[in-house]
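Survey of secondary and tertiary structure
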Amino acid sequence: MVDVPARTGLLIDGVVEHRDRTLAVHEPWTGAHLSDQAIADPEDVDRAVAAGHRVLRTPLPLHERAAILDRTADLVLRDAEHLAGLIALEAAKPMLAARAEVQRCVQTLRFSAVEARTLHDRTVPLDAHPVGVGAIGFVRREPIGVVAAITPFNFPLNLTAHKLGPAIAAGCPVVCKPAERTPLSAVALAERFVEAGLPPGWLAVLTGGGPEVGGVLARHPGVAAVSFTGSAAVGAILSRDAAHAEVLLELGSAAPLVVEADADLVEVVAAAVAGGFTHAGQSCVSVQRLLFHETIAEDVTQRLTERVAALRVGGPLEPGSDLSCVIDATAGDRIRSWVARTVDAGGRLLVGGGGSGAVVEPTLVTDVPLDAPLWTDEVFGPVIAIRTFGSTDEAIAAVDAGPPLIHIGVFTRDLALAGRWIGAVRAGGVLINESPTFRVDHAPYGGVDHPGTTREGPASTVRALTDEKLVVIRPSAGRADPW
Ligand code: ADP
């Protein structure tokens, strides 16, 4: 039994405020009403940003930032089962995966604490230039200002932690607008930041609709950075809306997994099933496109089809569920229609393709044309598209026919071939004998060729949320070797 709050308020300047205007949160699996979230209005955005500007004048020392982040991690660990239950219910994520997300959140916070403890920059040897002789130079990293964090539904706890943790480590007040379908995990994380001793003003949570609350927040002139994870369409809107600010975008992809002729097929099948169907394929690096060398294609396709046919779709709290439903019926209809269009275009359905409402059967389609939707766009559902290739050149061309990449996985035991893939593809990460879904939270993570793309991971995000400030000191005029 998960203890779900009947309603959630806004967190502004250390106070939880309830509102008459609310937006319902539903459980995707049952459709049942879960909770009501307050809807923030433009005045709330003003107040949250103003509180951030106020506290910026009195920076939190690094040791306090680190201690707060570590204590928050401890509290997340203390309440792990409760938080996993919230994720499971609001995002339809089976408990096994929800528990894993909670543990990742702990790591994200701990690595953010590490960044707070070690935040530093470099000295500048000014006398490398004749006019610098006699002066001392170094670079300080200063908080960029108030950060707007806009988060998606698919990892409602850990992706919120990826925005709040590094912002606090960097010394930036942060105003968070969680996904309106999954606000409960973000609110719960904010409560633990407060319990951990984060003083008022450093963190605000403004719930409500995307354009209504997120749009007002992103356009606010007092916001110095907008950190967003979500769809390419909204990312494009934010690039325009937040032109006055630094815009950090984490957008989607259609991750490929390439299987060369010498690959270990047992490992490949395990990686494809876990990477393609965990959380019903709703991750930016879910395995969406499988490329099999023609010599092993028949064998591996058969093994994979058997495994996928045996996957169990069920409620997120049911222990036997391998995956649950997708986020809502609209997403379910869209995913099934993409499968149907791909089959109409010449793809061959191996398993799945059906379902109703938010329930989408785990699906494999092979012989997928390069211009079919399952190859060219992010499906964000439990569906894998398969193609075979005769040469590595052909496989590289097929990868390039899809959208910009975050991660690509390549299975081969041949080091030279691995080296070729590492050099040949433009991607945020190339993973050899690993699924593209692999992610550890301290590693730099992100895509290429999207507008505004940066890297996520506490070290990278802290750099993005801090400005370099050059300090030059001339101890005394004419002194040649200062200090
Ligand atoms: P998804 O719902 O697939 O996770 P979206 O890109 O639609 O991806 O939403 C991600 C986040 O962006 C959510 O918090 C949503 O409320 C927010 N959002 C949606 N539209 C806008 C907008 N026009 N301006 C700012 N934020 C938005």
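Fair warning: this is a prediction, and the values are worked out from it, not measured in the lab. (Residues numbered from 1 in each chain as written. Predicted model: local features only at pLDDT ≥ 70, side-chain atom pairs only at ≥ 80, totals over all residues. Heavy atoms only, no water.)

Viewed as axis vectors pointing N to C, helix H4 (residues 95-118) and helix H5 (residues 158-170) meet at an angle of 10°, and their least axial separation amounts to 9 Å. Between H4 and H5, the angle is such that the two are roughly parallel. The handedness of the crossing between H4 and H5 is right-handed. Contact with H4, carried on its side by Glu101, Arg104, Cys105, Thr108, Leu109, Ser112, Glu115 and Ala116, involves Asn158, Ala161, His162, Gly165, Pro166 and Ala169 of H5 and no other residues of that element. When the residues that make up the contact of H4 with H5 are grouped by side-chain class, the tally is six nonpolar, five polar and three charged. (Axes fitted to C-alpha atoms, helices over the stretch in contact; angles between N-to-C directions. Helix = DSSP H or I, 4+ residues; strand = E, 2+ residues; numbered from the N terminus. Parallel < 35°, antiparallel > 145°, perpendicular 65-115°, else oblique. Left-handed = near helix turned anticlockwise from the far one by under 90°. Contact = heavy atoms within 4.5 Å. Nonpolar A, V, L, I, M, F, W, Y, C, P; charged D, E, K, R; others polar.)

Taken together, 19 residues form the shell around the ligand, and within it Thr151, Lys177, Glu180, Arg181 and Ser231 come nearest. Interatomic distance of 2.8 Å between a backbone N/O atom of Thr151 and an oxygen atom of the ligand. The contact in question runs from an oxygen atom of the ligand to an N or O atom on the side chain of Lys177, over 2.7 Å. Judged by the proximity of its atoms to the pocket grid, the ligand belongs to the largest pocket. Of all the secondary-structure elements, those providing two or more residues to the shell around the ligand are helix H7 (210-219), strand E11 (225-229) and helix H8 (232-241). A per-element tally of the shell around the ligand places H7 first, with four residues. Its residues assigned to classes, the shell around the ligand shows nine nonpolar, seven polar and three charged. (Near = heavy atom within 4 Å. Polar contact = N/O pair within 3.5 Å; in protein donor to acceptor, adjacent residues only side chain to side chain. 1 Å grid on protein atoms, 1.4 Å probe; cavity = no way out; pocket = protein on both sides within 12 Å on 5 of 7 lines; lining within 4 Å. Sits in = over half its atoms within 2 Å of the grid points.)

Read from one edge to the other, the open sheet built from three strands follows the order E1-E5-E4, with strand pairing classed as mixed. Looking at the sheet topology across the chains shown, the edges are occupied by strand E1 (7-8) and strand E4 (22-26). Relative to strand E5 (residues 33-38), E1 runs parallel, the two sharing two bridges. In the sheet register, Arg7 faces E5, and the bridge partner there is Asp36. Contacts between helix H6 (residues 183-195) and the sheet are confined to E1, E4 and E5, with E5 contributing the most and set at about 60° to the helix. (Pairing = 2+ DSSP bridges.)

Moving on, we come to the sheet that holds strand E22 (residues 466-473). Strand order in the open sheet made by the three strands is E6-E7-E22, with antiparallel pairing throughout. Looking at the sheet topology across the chains shown, the edges are occupied by strand E6 (123-124) and E22. For strand E7 (residues 136-143) and E22, the ladder comprises eight bridges, and the chain directions are antiparallel. Pairing of Glu142 across the sheet is with Asp467, part of E22.

Let's shift gears to the domain arrangement of the protein. Structurally, the protein comprises domain 1 (7-251 + 452-469) and domain 2 (255-432). Summing the contributions of domain 1 and of domain 2, the shared interface buries around 1700 Å²; its carbon and sulfur component is 72%. Three residues, Trp29, Pro94 and Phe153, lead the burial of domain 1 against domain 2; their summed loss comes to 36% of the area buried on that side. One can count one salt bridge joining domain 1 with domain 2. When the shortest N-O distance is used, the salt bridge between Asp328 and Arg181 registers 2.8 Å. Summed over the shared surface of domain 1 and domain 2, the number is five residue pairs in polar contact (both at pLDDT 80 or more). Per-element accounting of the side of domain 1 that touches domain 2 gives the leading share, four residues, to helix H3 (residues 80-91). Its residues placed into classes, the side of domain 1 that touches domain 2 shows 12 nonpolar, two polar and four charged. (Domains from an automatic or database assignment. Buried area = accessible area lost by both parts, 1.4 Å probe. Salt bridge = Lys/Arg side-chain N within 4 Å of Asp/Glu carboxyl O.)

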